[in-house]
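What follows is the residue order along each chain.
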Protein chains: 2
Amino acid sequence: MNLKKNSLHDHNSCRQKVMEAAKAYCEQKRLKLTPVREAVLNMLLNEHQALGAYEILEGLRVAGFSAQPPVAYRALNFLRDIGFVHKIEQLNSYIACYHPDMSHSPVFLICQSCNDITEKSIDRHKDEFSIMADETGFQITNLVLEAKGTCQACLANL
Amino acid sequence: MNLKKNSLHDHNSCRQKVMEAAKAYCEQKRLKLTPVREAVLNMLLNEHQALGAYEILEGLRVAGFSAQPPVAYRALNFLRDIGFVHKIEQLNSYIACYHPDMSHSPVFLICQSCNDITEKSIDRHKDEFSIMADETGFQITNLVLEAKGTCQACLANL
DNA sequence: ATATGATTTGTTATGTTATAACATTCACTA
DNA sequence: TAGTGAATGTTATAACATAACAAATCATAT
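We now turn to the structure provided with this report.

1. Details of the packing of aromatic side chains
Stage number 1. Overall, the coordinates contain five aromatic pairs over all chains when judged by the stated rule.
Stage number 2. Over the ring of Phe78(A) we find Arg37(A), and its NZ or CZ is 3.8 Å from the ring centre.

2. Let's talk about the protein's contact with DNA strand C
Stage number 1. As a structural note, the neighbourhood of DNA strand C is formed by 16 residues, with Thr34(A), Arg74(A), Tyr54(B), Tyr73(B) and Lys87(B) the closest of them.
Stage number 2. Sugar plus phosphate, as a fraction of atoms of DNA strand C within 4 Å of the protein: 43%.
Stage number 3. Arg74(A) is positioned with one of its side-chain polar atoms (N or O) 2.4 Å from a base oxygen of DNA strand C.
Stage number 4. In this structure, Tyr94(B) approaches DNA strand C through a side-chain N or O atom, which is 3.1 Å from a phosphate oxygen.
Stage number 5. For the surface near DNA strand C, the secondary-structure elements that each account for two or more residues are α3 (35–47) and α5 (69–81) of chain A together with α5 (69–81) of chain B.

3. A look at the protein's contact with DNA strand D
Stage number 1. For DNA strand D, the set of nearby residues contains 16 residues, the closest of which are Tyr54(A), Tyr73(A), Lys87(A), Thr34(B) and Arg74(B).
Stage number 2. Among the atoms of DNA strand D close to the protein, meaning within 4 Å, 46% are from sugar or phosphate groups.
Stage number 3. Contact between DNA strand D and Tyr54(A): a base nitrogen at 2.6 Å from a side-chain N or O atom of the residue.
Stage number 4. With four residues, the top contributor of residues to the surface near DNA strand D is α5(A).
Stage number 5. Across the surface near DNA strand D, the residue classes break down as eight nonpolar, four polar and four charged.

4. Remarks on the packing of helix α4 (residues 53–62) of chain A against α5(A)
Residues and elements named next belong to chain A.
Stage number 1. Relative to each other, α4 and α5 sit at 110 degrees, their axes nearing to 9 Å. Considering the angle they form, α4 stands roughly perpendicular to α5. Contact residues: α4 offers Ala53, Tyr54, Ile56, Leu57 and Leu60, while α5 offers Pro69, Val71, Ala72, Tyr73 and Leu76.
Stage number 2. Its residues assigned to classes, the contact of α4 with α5 shows 10 nonpolar, no polar and no charged.

Rules of the game
Residues numbered from 1 in each chain as written. Chains lettered and ligands numbered in written order. Predicted model: local features only at pLDDT ≥ 70, side-chain atom pairs only at ≥ 80, totals over all residues. Heavy atoms only, no water. Phe/Tyr/Trp six-rings, centres within 6.5 Å; stacked < 30°, edge-to-face > 60°. Lys NZ or Arg CZ within 6 Å of the ring centre and 35° of its normal. Near = heavy atom within 4 Å. Polar contact = N/O pair within 3.5 Å; in protein donor to acceptor, adjacent residues only side chain to side chain. Helix = DSSP H or I, 4+ residues; strand = E, 2+ residues; numbered from the N terminus. Nonpolar A, V, L, I, M, F, W, Y, C, P; charged D, E, K, R; others polar. Axes fitted to C-alpha atoms, helices over the stretch in contact; angles between N-to-C directions. Parallel < 35°, antiparallel > 145°, perpendicular 65-115°, else oblique. Contact = heavy atoms within 4.5 Å.

See below:
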């Protein structure tokens with residue numbers, strides 16, 4: 001499992017905070033964080049890493065939910081819509097967002113050695129891609145910013 | 001088809017230049033731009049848009065090549081390795097690169113309205129993602145930078 | 001309280017994307 | 001011209017994702 005990250009912060013409290021934020025957000029927006037949706041978010045927060053849709057589906061099955069693919073994809077898409085889950089396009093997998101702040105675009109650093117994924121944020125509207133897009137009159141609705149490579153810890157162990 | 005781009009430049013000469021560049025590159029590196037590989041690159045250059053692997057496979061079938069999936073994927077991966085084709089991760093599709101310059105990272109602006117894809121370049125090592133990665137000691141081997149949205153022409157037609 | 005409309009969930013089936021594994025052919029060169 | 005490594009052919013299957021429709025649940029306005 002991902003010991004490195006766990007050692008860097010209090011994973012439990014971090015997880016709880018995000019879950020509460022999700023509940024508050026849904027309440028405020030009159031959206032429903034139903035049992036399936038909460039279970040999916042919880043699973044992603046627990047793992048603290050990217051999971052494939054079918055891994056999530058297996059988790060749902062174990063937890064007693066219906067385990068047909070649409071169940072997982074619906075929950076994932078709901079959570080993505082509200083910004084608490086992101087898809088890692090290069091891995092076809094999904095990861096919880098620990099700072100669901102709409103004014104920032106997520107940036108992912110994917111370590112090919114330890115499979116750890118670090119989420120960074122860049123200031124929307126100030127980054128050079130947004131600027132580049134502005135220059136050509138392109139209106140961005142979604143940004144995918146992913147870097148694959150080797151993280152510091154793994155570089156040190158080479 | 002993609003009239004907008006065709007009107008912006010001499011598509012034919014552009015296509016030929018890239019194909020020649022690919023041939024020169026392979027010759028220099030002692031790599032083989034075999035018939036299948038050339039056919040795939042040619043198809044992508046002709047279309048001047050992103051194609052799915054199975055569309056390419058169908059093109060190969062029509063051209064008389066073997067049309068099992070591995071044939072297309074192998075050719076695509078070869079062309080990606082040498083930098084003449086990129087994968088658009090958000091679309092699971094592949095597009096020819098018109099400025100295969102290793103010191104630049106490709107950036108794609110994907111218009112959801114007209115399906116046009118514009119490739120931009122950013123200076124590797126100077127962009128803020130590389131800088132962000134450097135700060136955390138992350139060594140990037142591959143960058144995926146894709147923006148979905150609406151292009152200028154389509155915005156004007158709303 | 002209850003009809004009604006909207007949202008969510010269940011379920012079946014299928015579509016789409018990609019790779020594993022191994023056999024065969026080809027091109028080079030020793 | 002035999003041996004080697006690269007490329008291709010081929011079969012099968014894995015992995016990812018959605019369409020379509022039925023059933024249940026929920027919200028709320030009368």
